[in-house]
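Remarks on the overall topology
Each chain, letter by letter, is given below.
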Amino acid sequence: MKDKYHPQKLLPHLKYPEYPVMIDFDITNVCNNKCPKCIGIAGRDNTTMKLENVINVLNQTREVGAKGLILSGGGDPTCHPDFDKVMQHAHKIGFDYGINTNGNYISDSVLKEMMNCWTARISLDGSNRGERLITHGVDDYDKVVNNIKRIVDKKEKTNSGIDIIVTYLIGDKTKNGILPVTKMLKDIGVNEVRFRPFFGKKMMNEKDLQKAVLESDKDKNFVVSYPDYRINPKEKRDYTECLMTNFLCSITPDQHVRPCCILKERGYSYGSLEDKSFKDIWKNKYKVTSFKDCEFPCPHDNNNDFLWAIKQMKVTNII
């Protein structure tokens, strides 16, 4: 039986985290979309990390023990001029890595390296050109759908193990696209479509969402999901320290090591890789005990509840 989440294995990492398990790595702030409600930094700062520095970051984090890597933004990772080489090196040194992209630009060389990913998440956020234009600010819907088809086709031809996940934001202008986009993506052959509301908004059209979930139950190779923490949010936090920051961190194009993908946008930093090694920065990182700049609900709430219970030795039955 696999027991990698057993408290006896997690507890030492809660007390003395020698390394992060997962790295959220923004290699560029450049983006080819113009999302009106973008929560990233795209458009305000076009910093792109040089390839030699990207390689250095990958090497340092892997050497200390990091295992997982998400290439994200910031901007969009596909806008980095050497994105294919970045993925190639991450695979070479043993990272399990995934990418988050808007799907606008997938070159042949990038497509080839994507087949070594464990997951690729493409933000579609619309069921037609008009809806995509509203959510992403550019008229590229047909292009993105075609790129999704290319990824699925490449996966089938290479027998890749990549999970292809398409995300869809539900708002006033997109709520009626749930069922049509679910059918389209299932027919294309993606592994999962993930629906979620815009930040700060409640989920809309839950009736169609549940119909989509029921449809996915008929096919073991296709999943429809949604973040429960956004639909049924907690009233308050039950923990006083973010313990997930012992397991992950975010690194931005300016070479700063930051607590997470939310606080990186608020200017929080453990230190800069221009001045210190990753090992030294991680060793001296501070605890996140103030949540005044955090999102609530937070995507790490459930994990934090679980980890907090372990730290307090309140977990009694783990399977």
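Look above for the structure.
Our subject in this report is the structure included herewith. (Residues numbered from 1 in each chain as written. Predicted model: local features only at pLDDT ≥ 70, side-chain atom pairs only at ≥ 80, totals over all residues. Heavy atoms only, no water.)

1. Overview of the overall build of the protein chain
Helix and strand counts for the protein chain stand at eleven helices and ten strands. Taken over 319 residues, the protein chain has a buried fraction of 51%. Taking the intrachain contacts of the protein chain between residues at least 6 apart in sequence as the baseline, contacts between residues at least 24 apart amount to 72%. Total accessible area on the protein chain is roughly 16300 Å²; 49% of this is exposed by carbon and sulfur atoms. Taking the average place of the 49 positive charges on the side chains of the protein chain and the average place of its 42 negative ones, the gap between the two points comes to 2 Å. (Helix = DSSP H or I, 4+ residues; strand = E, 2+ residues; numbered from the N terminus. Buried < 20%, exposed > 50% of the residue type's maximum accessible area, 1.4 Å probe, protein only. Contact = heavy atoms within 4.5 Å. Areas by Shrake-Rupley, 256 points an atom, 1.4 Å probe, with all protein chains shown as cover. Lys, Arg positive; Asp, Glu negative; His and termini not counted. Charge placed at Lys NZ, Arg CZ, Asp CG, Glu CD.)

2. Comments concerning the pattern of salt bridges
Scanning the entire structure with this criterion turns up 16 salt bridges. The partner of Asp24 in a salt bridge is Lys264, with the nearest N and O atoms 3.5 Å apart. One end of the pair, Asp24, is in strand β1 (residues 22–26); the other, Lys264, is in the loop between β9 (256–258) and β10 (271–272), with 240 residues separating them in the sequence. With a shortest N-O distance of 3.0 Å, Arg150 and Asp108 are connected by a salt bridge. Here Arg150 is found in helix α6 (residues 141–158), whereas its partner Asp108 is found in helix α4 (residues 108–114), with 42 residues between them in sequence. Asp108 sits in the exposed class, given a relative accessible area of 61%. (Salt bridge = Lys/Arg side-chain N within 4 Å of Asp/Glu carboxyl O.)

3. Looking at unusual backbone geometry
Looking along the chain, the bond that leaves Gly73 and enters Gly74 is cis, with omega of 15 degrees. Looking at the secondary structure, you find Gly74 in the loop between β2 (68–72) and α3 (83–92). With an omega dihedral of 5 degrees, the bond running from Phe296 to Pro297 counts as a cis peptide bond. Looking at the secondary structure, you find Pro297 in the loop between α10 (278–283) and α11 (301–311). Even without glycine at this site, Asp125 takes up a positive phi of about 60 degrees.

4. Section: the layout of surface pockets
Each pocket or cavity is described by its volume, and for the second largest pocket that value is around 330 Å³. Elements with a minimum of two residues in the lining of the second largest pocket: α1 (7–15) and α10. In terms of residue count, the dominant contributor to the lining of the second largest pocket is α10 (three residues). Looking at the lining of the second largest pocket, its residues break down into five nonpolar, one polar and eight charged. (1 Å grid on protein atoms, 1.4 Å probe; cavity = no way out; pocket = protein on both sides within 12 Å on 5 of 7 lines; lining within 4 Å. Points joined across faces, edges and corners; volume = space filled by probe spheres on them. Nonpolar A, V, L, I, M, F, W, Y, C, P; charged D, E, K, R; others polar.)

5. Considering α11
For α11, the complete set of buried residues consists of Asp301, Asn304, Leu307, Trp308, Ala309 and Ile310. Residue Met313 follows α11 closely and has a positive phi angle near 60 degrees.

6. Focus on the environment of Val145
Of note, Val145 is situated in helix α6. Residues within four places of Val145 in sequence aside, it is in contact with Leu124, Met184 and Ile188.

7. Thoughts on the pairing of β2
Counting buried positions over the five residues of β2 gives five, a clear majority of the element. Both faces of β2 are covered, namely the face carrying Gly68, Ile70 and Ser72 and the face carrying Leu69 and Leu71. When β1 meets β2, the two strands line up parallel, connected through five bridges. The partner of Ile23 across the bridge, within β2, is Leu69. Alignment of β2 against strand β3 (residues 96–101), held across four bridges, turns out to be parallel. Directly across from Leu71, in β3, lies its bridge partner Ile99. With respect to chirality, the unit in which β2 leads through α3 into the neighbouring parallel β3 is right-handed. (Pairing = 2+ DSSP bridges. Right-handed = clockwise from strand over helix to strand, strands pointing away.)

8. Some words on empty space enclosed by the protein
Overall, the coordinates contain one cavity of 30 Å³ or more when judged by the stated rule. Estimates place the volume of the largest cavity at around 80 Å³. Broken down by class, the residue content of the lining of the largest cavity amounts to nine nonpolar, two polar and one charged.

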